[in-house]
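# Residue-level structural notes
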Amino acid sequence: MPDAISNLLPGRAPDAEFPLHGVTLLLVEDSRFASEAIRLMCLRSGARLRRADCLRAAERHLQCYRPTVALVDLGLPDGSGLDLVATLARQTPRLPAIIAMSGDATAGAAALAAGADRFLAKPVESLSAFRDMLLSLLPDLPRATPAMPQTDGPAPDRAALRDDLARAAALLAPEAQGDLAYVAHFLSGLAVSARDSDLGRAAAALLADRQSSAPVNRVSGLLRDRLAASAAF
């Protein structure tokens, strides 16, 4: 099921503390951990956030309302976010801002070619940079004075990371018959966001060799270890 997240702030003019009041952001992202970081930045900026966890869910959202900004992850369980970016870029009237996001920094050129206004590399950690990017894409948004405070982004809830790890582990179970390429891409992005280099290397090995059992067993073991460690907190 799609996940909707909103801080439900009342309508008001932007101010120095909440410069993005009046902005609705549709986040298309399958990782709860990455979504939590964006949610907290929207909360601290005054933007209203809605989340879709796949392309189908994003389509349902877009049938119901028109966001100010679409922030689209490129690796999704039911297809490439590049397709959604291209579709949104062709629409008339066009959304005020379309942003592509990925843990793969080399994906920026393809995202811009598809029609994205900006490419955002994961992990998204700077609140001030996040605000500045959105304000630069929304020139008609009233500007607050004095200048907004420059603060770092908050740390996401580690429970969201546990949920992502558990989801990946379930997809790797033999009975699940999950798409190993998708799982490898999902874990690669998660490893970047969580700064887990061991998991990132294991995910890359899985992507390179999905025919043998060794890479799957390696990733599954790492997931079990991390889930066990997180249960201790």
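Owing to the predicted nature of the structure, the values given are computational and were not obtained by experimental measurement.

### Structural notes on the overall build of the chain
- Each helix and strand counted, the chain has nine helices and seven strands in total.
- Residues classed as buried in the chain amount to 48% of the 233 residues present.
- Look at the contacts in the chain between residues 6 or more apart in sequence, and 67% of them connect residues 24 or more apart.

### Concerning the nonpolar core
- Counting 24 residues, the largest nonpolar core has Leu25, Ile38, Val69, Leu71, Ile99, Phe130 and Leu134 as the members making the most contacts within it.
- Secondary structure elements with two or more residues in this core: β1 (24–28), α1 (32–45), β3 (69–73), β6 (97–102) and α5 (127–137).
- Here the element with the most residues in this core is α5; it accounts for six residues.
- Other than its neighbours up to four places away in sequence, Val69 contacts Val23, Thr24, Leu25, Leu26, Ala97, Ile99, Leu134 and Leu138.

### As for the confidence of the model for the chain
- Here the chain averages 88 in pLDDT, and 86% of its residues register 70 or above.
- Note that pLDDT drops below 50 for residues 1–10; the model gives that stretch 25 contacts with residues more than four away or on any other chain.

### Quick word on the pairing of β1
- Within β1, five of the five residues are buried, leaving the element largely enclosed by the surrounding structure.
- Side chains Thr24, Leu26 and Val28 of β1 all project onto a buried face; the interleaved residues Leu25 and Leu27 project onto the opposite face, where all are buried too.
- As defined by bridge partners, β1 adjoins strand β2 (residues 48–52) across five bridges and the pair is classed as parallel. Along β2, the bridge assignment pairs Leu26 with Arg50.
- What joins β1 to β2 is α1, and the crossover it makes is right-handed.
- Pairing analysis gives four bridges linking β1 to β3, with the strands arranged parallel. Pairing of Leu27 across the sheet is with Leu71, part of β3.

### A look at unusual backbone geometry
- Omega for the bond connecting Thr92 with Pro93 falls within 30 degrees of zero, at -5°, which places this linkage in the cis form.
- The residue after Lys122, namely Pro123, is reached through a cis peptide bond having omega 0°.
- Along the polypeptide, Pro123 turns up in the loop between β7 (118–121) and α5.
- Positive phi is not limited to glycine here, since Arg195 has a value of about 55°.
- Within the secondary structure, Arg195 is located in the loop between α7 (180–194) and α8 (197–208).
- The class for Arg195 is exposed, based on a relative accessible area of 59%.

### Side note on helix α6 (residues 158–172)
- Compared with the 21 Å implied by 1.5 Å per residue over 15 residues, the 21 Å span of α6 between its first and last C-alpha is a close match.
- Looking at the buried positions of α6, the neighbouring elements they touch are α1, α7, α8 and α9 (213–231).

### Brief notes about the packing of aromatic side chains
- In the structure shown here, the tally under the stated rule is one aromatic pair.
- Seen in terms of ring centroids, Tyr182 and Phe186 are 5.9 Å apart; in terms of plane orientation they differ by 35°. Their pairing is tilted. One end of the pair, Tyr182, and the other, Phe186, are both in helix α7, four residues apart, so they sit about a helical turn from each other.
- Relative accessible area serves as the criterion here: at 11%, Tyr182 is assigned to the buried category.
- The side chain of Arg167 reaches across the aromatic face of Phe186, ending 5.0 Å from its centre.

### Re the sheet that holds β6
- Ordered by their spatial adjacency, five strands build an open sheet running β2-β1-β3-β6-β7, and the pairing between neighbours is parallel. For this open sheet the edge positions go to β2 and β7, each flanked by a neighbour on one side alone. The sheet shows a mean angle of 20° between the axes of neighbouring strands, taken without regard to direction.
- Note that β6 and β7 share four bridges and pair parallel. Each residue of the ladder has a partner; that of Ile99, found in β7, is Arg118.
- Its contacts with the sheet put α1 on β1, β2 and β3, and the angle it makes with β2 is roughly 165°.

About the thresholds
- Residues numbered from 1 in each chain as written.
- Predicted model: local features only at pLDDT ≥ 70, side-chain atom pairs only at ≥ 80, totals over all residues.
- Heavy atoms only, no water.
- Helix = DSSP H or I, 4+ residues; strand = E, 2+ residues; numbered from the N terminus.
- Buried < 20%, exposed > 50% of the residue type's maximum accessible area, 1.4 Å probe, protein only.
- Contact = heavy atoms within 4.5 Å.
- Core = buried A, V, L, I, M, F, W, Y, C linked by side-chain atoms within 4.5 Å.
- pLDDT = per-residue confidence, 0-100.
- Pairing = 2+ DSSP bridges.
- Right-handed = clockwise from strand over helix to strand, strands pointing away.
- Expected span 1.5 Å × (residues − 1).
- Phe/Tyr/Trp six-rings, centres within 6.5 Å; stacked < 30°, edge-to-face > 60°.
- Lys NZ or Arg CZ within 6 Å of the ring centre and 35° of its normal.
- Axes fitted to C-alpha atoms, helices over the stretch in contact; angles between N-to-C directions.

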